[in-house]
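Listed here are the chains, written in short residue letters.
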Amino acid sequence: MTDIIDRATGLSPGDALYDLRRQRPEFVAGAQACLTACLTPADAQDLSVPLRAALAAHMARLNGDAALAALYQPAQDQTVPPAILRHVNKITLTPRLATAADITALRDAGLDLPTLVALSELIALVNFQTRLTAGLRLLKTPTVTPAEVPIQRPRTLPQVTLKPLTWHAHIPPVEIAQASTAQLQAMQVTPSATKISPYVRTLAHDPDSYVARTILFNAIMYAEGGLPQDERELGALGASMINGCAYCAVVHARRQASLTGSAAVVSALFLGMPQSMPPRAQAIVRFGQSLSRTPPAATVQDLAALRAVGLGNAQIIDLIHAVAIFGWANRLMHVLGHATPPARNPQPRPLGTH
């Protein structure tokens, strides 16, 4: 399959944006490898390839992406089991509302653990793709002048201290002693290893998608140059707040604070006072949260605001990817498990629409 992101966004060789995408070849190749692992895996388990395509087309339509939906539309109609359809709709539209009961419903409907994880990866993949295509389409639009934002009077906020959360899986993770060769290779461990996280062992039920996503995630979040690392973390934090993944929000808030040596931005977000952040941080968070909504709601004004605070197109592509990959990560971590907070750990407050 030719590159589906290029096709969905109408990019072709010679286009400036097509060439700009190729400045991060690992992003392009990684996204396509994830497509193969989630849509046409060697072992489709109890989710046939036509059914996967039908679900992908449906999720693309839920996100308002007709072009992507058309590329996924199967040759013939597929009957989608009601439990799967309900789950797909909920996790696409309102991931923050996911609970353990949603996973129980799938298991009661007969999905085994590998199929359940494969379905979760497919849902997350398409929600990643639709944020990526929405962001890239914005970059194709003419430049506009950003709307004026009222100058806020600086104020001193209390500093929020965030302690790590503990993640608990809603399904039994793979046990190292019983893991298959493919699962051990995916986790890059030997049977004697004992410290692989429950999250990794949960995703290892579908090892091919786990490997493909991990490679892409690491490329997006840790690639050298481009958007500074702390601002990728800020994009991830904004997305996690909208998607309702408290675990991811705390992890990436802590990383952002560590990288900058200050908890000021994180504190402003967790206390619901984003107007207290510097303009560049405000623009990044606003863009990330808008792009994370379903359907994606980022506008040319949001894009213009990024440019107004100094982000060039190459840095904006990095930000789009950082936000989009958390449209994926949040729909795994928050859906397949839950986090237990220590006492006095404030919960992130999602920002309102704008």
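For the structure, see preceding data.
None of the values given here were measured: they were computed from a predicted structure.

1. What to know about a negative patch on the surface
A grouping of Asp-43, Asp-46, Asp-112 and Asp-208 is seen on the molecular surface, where their side chains present a negatively charged patch. Note that Asp-46 resides in the loop between helix H3 (25-39) and helix H4 (49-62).

2. Observations concerning the environment of Gln-23
Mapped onto the secondary structure, Gln-23 falls in the loop between helix H2 (16-21) and H3. Under the relative-accessibility criterion, Gln-23 is labelled exposed at 55%. Measuring from C-alpha to C-alpha, the distance between Gln-23 and Ile-171 comes to 39 Å, with 148 residues separating the pair along the chain.

3. Considering helix H11 (residues 207-222)
Relative to the 22 Å expected for 16 residues at 1.5 Å per residue, H11 spans 22 Å between its end C-alpha atoms, a close match to the ideal helical length. Taken together, the buried positions of H11 are Pro-207, Ser-209, Tyr-210, Ala-212, Arg-213, Leu-216, Phe-217, Ala-219, Ile-220 and Met-221.

4. Comments concerning the pattern of salt bridges
Within this structure, the stated rule accounts for 8 salt bridges. Across the pair Arg-21 and Asp-6 runs a salt bridge, and its minimum N-O distance is 2.7 Å. Taken together, the positions of Arg-21 in helix H2 and Asp-6 in helix H1 (residues 4-9) put the pair 15 residues apart, joining distant regions of the chain. Classification of Arg-21 as buried rests on a relative accessible area of 3%. Taking the shortest distance from any N to any O, the salt bridge between Asp-102 and Lys-90 comes out at 3.1 Å. One end of the pair, Asp-102, is in helix H7 (residues 100-108); the other, Lys-90, is in helix H6 (residues 82-93), with 12 residues separating them in the sequence. A residue is classified by how much of its surface remains accessible, and Asp-102, at 14% relative accessible area, is buried. A network of salt bridges, in which partner residues are shared, links Asp-3, Asp-6, Arg-21 and Arg-22.

5. Focus on the packing of aromatic side chains
Scanning all chains against the criterion turns up 3 aromatic pairs. With a centroid separation of 5.8 Å and an interplanar angle of 55°, the aromatic rings of Phe-128 and Trp-328 are classed as tilted. Taken as a pair, Phe-128 in helix H8 (residues 113-139) and Trp-328 in helix H17 (residues 313-336) lie far apart in primary sequence, 200 residues in all. Each member of the pair, Phe-128 together with Trp-328, is buried. The side chain of Arg-22 reaches across the aromatic face of Tyr-18, ending 3.7 Å from its centre.

6. Some remarks on the environment of Leu-303
Within the element layout of this structure, Leu-303 appears in helix H16 (residues 300-308). With 221 residues separating them in the primary sequence, Leu-303 and Pro-82 have C-alpha atoms 39 Å apart. Here Leu-303 is in contact with Leu-138, Leu-139, Thr-141, Phe-287 and Ile-316, once residues within four sequence places are set aside.

7. Considerations on the layout of surface pockets
Of the volumes computed, that of the second largest pocket is approximately 400 Å³. As for the second largest pocket, its lining consists of 19 residues, and the residues nearest its centre are Tyr-199, Arg-213, Phe-217, Arg-255 and Met-333. Of all elements in the fold, only helix H10 (198-203), H11, helix H13 (246-260) and H17 reach the threshold of two or more residues within the lining of the second largest pocket. With 6 residues, H11 is the largest single contributor of residues to the lining of the second largest pocket.

8. Points about the state of the cysteines
Tallied over the full model, the rule gives 0 disulfides. Counting only cysteine sulfurs, Cys-38 is the nearest neighbor of Cys-34, a cysteine outside any disulfide, at a range of 6.1 Å. For Cys-38, a relative accessible area of 1% corresponds to the buried category.

9. Quick word on helix H15 (residues 279-292)
The terminal C-alpha atoms of H15 lie 20 Å apart, and with 14 residues this matches the ideal 20 Å at 1.5 Å per residue to within 8%. Of all 14 residues making up H15, 10 are buried, and the element is well covered by its neighbours. Listing the buried residues of H15 in full gives Ala-281, Ala-283, Ile-284, Val-285, Phe-287, Gly-288, Gln-289, Ser-290, Leu-291 and Ser-292. Of the surrounding secondary structure, the elements contacted by the buried residues of H15 are H8, helix H12 (229-243), helix H14 (264-270), H16 and H17.

10. Some details on the packing of H12 against H17
Where H12 meets H17, the axes come as close as 8 Å, and the angle between the chain directions of the two elements is 40°. Judged by the inter-axis angle, H12 sits oblique to H17. Judged by the sense of rotation from one axis to the other, the crossing of H12 with H17 is right-handed. Residues Glu-231, Arg-232, Gly-235, Ala-236, Ala-239, Ser-240 and Asn-243 of H12 form the contact with H17, whose own contacting residues are Asp-318, Leu-319, Ala-322, Val-323, Phe-326, Gly-327, Asn-330, Arg-331 and His-334. Looking at the contact of H12 with H17 residue by residue, the class counts come to 6 nonpolar, 6 polar and 4 charged.

Criteria and thresholds
- Residues numbered from 1 in each chain as written.
- Predicted model: local features only at pLDDT ≥ 70, side-chain atom pairs only at ≥ 80, totals over all residues.
- Heavy atoms only, no water.
- Patch = residues over 30% accessible without salt bridge, like charges linked within 9 Å, V, L, I, M, F, W, Y side chains within 5 Å.
- Areas by Shrake-Rupley, 256 points an atom, 1.4 Å probe, with all protein chains shown as cover.
- Salt bridge = Lys/Arg side-chain N within 4 Å of Asp/Glu carboxyl O.
- Lys, Arg positive; Asp, Glu negative; His and termini not counted.
- Charge placed at Lys NZ, Arg CZ, Asp CG, Glu CD.
- Helix = DSSP H or I, 4+ residues; strand = E, 2+ residues; numbered from the N terminus.
- Buried < 20%, exposed > 50% of the residue type's maximum accessible area, 1.4 Å probe, protein only.
- Expected span 1.5 Å × (residues − 1).
- Phe/Tyr/Trp six-rings, centres within 6.5 Å; stacked < 30°, edge-to-face > 60°.
- Lys NZ or Arg CZ within 6 Å of the ring centre and 35° of its normal.
- Contact = heavy atoms within 4.5 Å.
- 1 Å grid on protein atoms, 1.4 Å probe; cavity = no way out; pocket = protein on both sides within 12 Å on 5 of 7 lines; lining within 4 Å.
- Points joined across faces, edges and corners; volume = space filled by probe spheres on them.
- Disulfide = S-S within 2.5 Å.
- Axes fitted to C-alpha atoms, helices over the stretch in contact; angles between N-to-C directions.
- Parallel < 35°, antiparallel > 145°, perpendicular 65-115°, else oblique.
- Left-handed = near helix turned anticlockwise from the far one by under 90°.
- Nonpolar A, V, L, I, M, F, W, Y, C, P; charged D, E, K, R; others polar.

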